[in-house]
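Geometric and topological summary
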Amino acid sequence: MGATRTVAVYSLGGTIAMTTDPTTGGVVPALSAHDLLAAVPGLDSHDIELRVHDFRRVPGASLTLDDLVELSVDIRKSLDSADIAGVVITQGTDTIEETAFFLDLRYGHDQPVIVTGAMRNPTMAGPDGPANLYAAVIAAADPRLRGAGTLVVLNDEIHAARHVRKSHTTSPAAFTSPGAGPIGRVAEGRVQLASSLPRRTEPLGPTNRDVRVGLYTVSVGDDGALLDAWDGRCDGLVVAAFGVGHVPQRFVETLQRLASRIPVVLASRIGNGPVLTGTYGFPGSEKDLIGRGLIPAGTLGPYQARLLLHALLAQDANRSAITDTFAGQAY
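Quick summary incoming for the structure in this document. In this text the structure is predicted, and so the values were computed from the model without any measurement.

Observations concerning the pairing of strand 15 (residues 264-268)
- The element strand 15 is extensively covered by neighbouring structure, given that five of its five residues are classed as buried.
- Because side chains alternate across strand 15, one face comprises the buried residues Val264, Leu266 and Ser268, and the other comprises Val265 and Ala267, equally buried.
- One ladder, built from five bridges, connects strand 14 (residues 236-241) with strand 15; its direction is parallel. The partner of Val238 across the bridge, within strand 15, is Val265.
- As for the winding sense of the linkage, the β-α-β connection from strand 14 through helix 5 (residues 252-259) to strand 15 is right-handed.
- When strand 15 meets strand 16 (residues 295-296), the two strands line up parallel, connected through two bridges. In the sheet register, Leu266 faces strand 16, and the bridge partner there is Pro296.
- With helix 6 (residues 286-291) bridging strand 15 and the parallel strand 16, this β-α-β connection has right-handed handedness.

Side note on the environment of Ser81
- Position of Ser81 among the secondary structure elements: in helix 2 (residues 65-81).
- For Ser81, a relative accessible area of 61% translates into the label exposed.
- Here the side chain of Ser81 touches Lys77 through a polar contact of 2.9 Å, landing on its backbone oxygen.
- Polar contacts involving the side chain of Ser81 include one to the main-chain carbonyl oxygen of Ser78, which spans 3.3 Å.

Cut-offs and rules
Within any chain, residue numbers begin from 1 and follow the written order of that chain's sequence. Residue-level local features of this predicted model are given only where pLDDT is at least 70; pairs of side-chain atoms are given and counted only at 80 or more, and the full residue set underlies all totals for whole chains, interfaces and linings. Hydrogens are left out, water is left out, and the side-chain values use all remaining heavy atoms of the structure. Per-residue accessibility, obtained with a 1.4 Å probe over protein chains only, is compared with the maximum for each type, and a residue is labelled buried under 20%, exposed over 50%, and partly exposed between these values. Elements are defined by DSSP. Helices are runs of H or I of four residues or more, strands are runs of E of two residues or more, and each kind is numbered from the N terminus. Two strands form a pair only when DSSP identifies at least two bridges running between them. We call a crossover right-handed when, viewed with the strands running away from us, the connection from the first strand over the helix to the second turns clockwise. Here a polar contact is recorded for every N or O atom pair within 3.5 Å, except that within protein the pair must consist of a potential hydrogen donor and a potential acceptor, and residues adjacent in sequence are included only if both atoms are side-chain atoms.

Given below as structure tokens:
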């Protein structure tokens with residue numbers, strides 16, 4: 001038997017922790033972290049000590065950025081005060097990809113942080129929570145994932161925070177990494193890597209102020225009038241555009257005016273593939289919009305772009321620093 005490794009487990013609620021509410025008949029977050037771990041068979045055979053933190057009991061949709069800031073601080077304190085091999089976070093799948101990316105932006109330790117959850121709650125036939133939690137703990141304790149930053153583990157697949165997306169509303173195989181694929185799997189109680197660990201960037205510093213970053217999704221027939229509603233009401237804006245970064249021509253003047261006042265990031269609503277920078281040249285094309293002051297998001301999807309812009313603005317980054325940071329996302 002190998003040396004005992006310690007994994008810190010933080011439970012935030014979500015489907016994985018839900019049971020039936022007798023009043024409404026629907027499921028609500030109610031199970032503690034200890035309850036979740038008690039339902040996982042086989043962990044006691046791996047020489048893994050678990051340090052449990054019952055952090056929140058909320059649906060994934062109700063998590064706030066303040067919750068995630070507090071969580072990141074608590075994780076740092078745990079890692080600085082004890083010999084911990086890795087961290088597991090359980091939460092609702094609605095916001096797993098955003099939690100993972102948020103934490104990855106700020107995380108500088110070598111120990112992996114694994115975010116997991118469940119697509120089927122414990123009252124359903126074949127709940128996937130125990131299997132996902134088992135795989136997440138195994139991954140968190142595995143030294144081969146040291147230096148990987150924040151990862152998402154569900155359905156025995158290991159995904160980088162940078163690429164993972166929730167791509168189905170109900171399937172246990174909902175989480176994918178478009179354009180990249182999972183970096184590995186958990187099988188027979190151990191991690192099997194399929195590619196190198198994700199490239200990491202310098203963690204962002206602490207926030208200095210509260211900011212608001214909007215997200216506007218472009219759609220067919222949109223007259224752009226609601227874009228004006230953001231003027232003066234946000235510190236930054238992400239535009240989820242068509243295709244490689246295109247908007248209707250009638251948006252152009254409004255976006256140029258907004259970009260002269262606040263950082264406006266140009267992302268694609270597709271969430272897979274890059275925003276281009278110099279291929280199309282018509283009014284409202286990516287080249288035209290960048291020339292009018294919009295900042296291309298690289299390969300970041302709109303939700304990740306919003307979190308990155310929020311983090312940069314909260315630490316008082318200027319437009320040049322924001323542009324340079326997003327330029328580094330073109331991979």
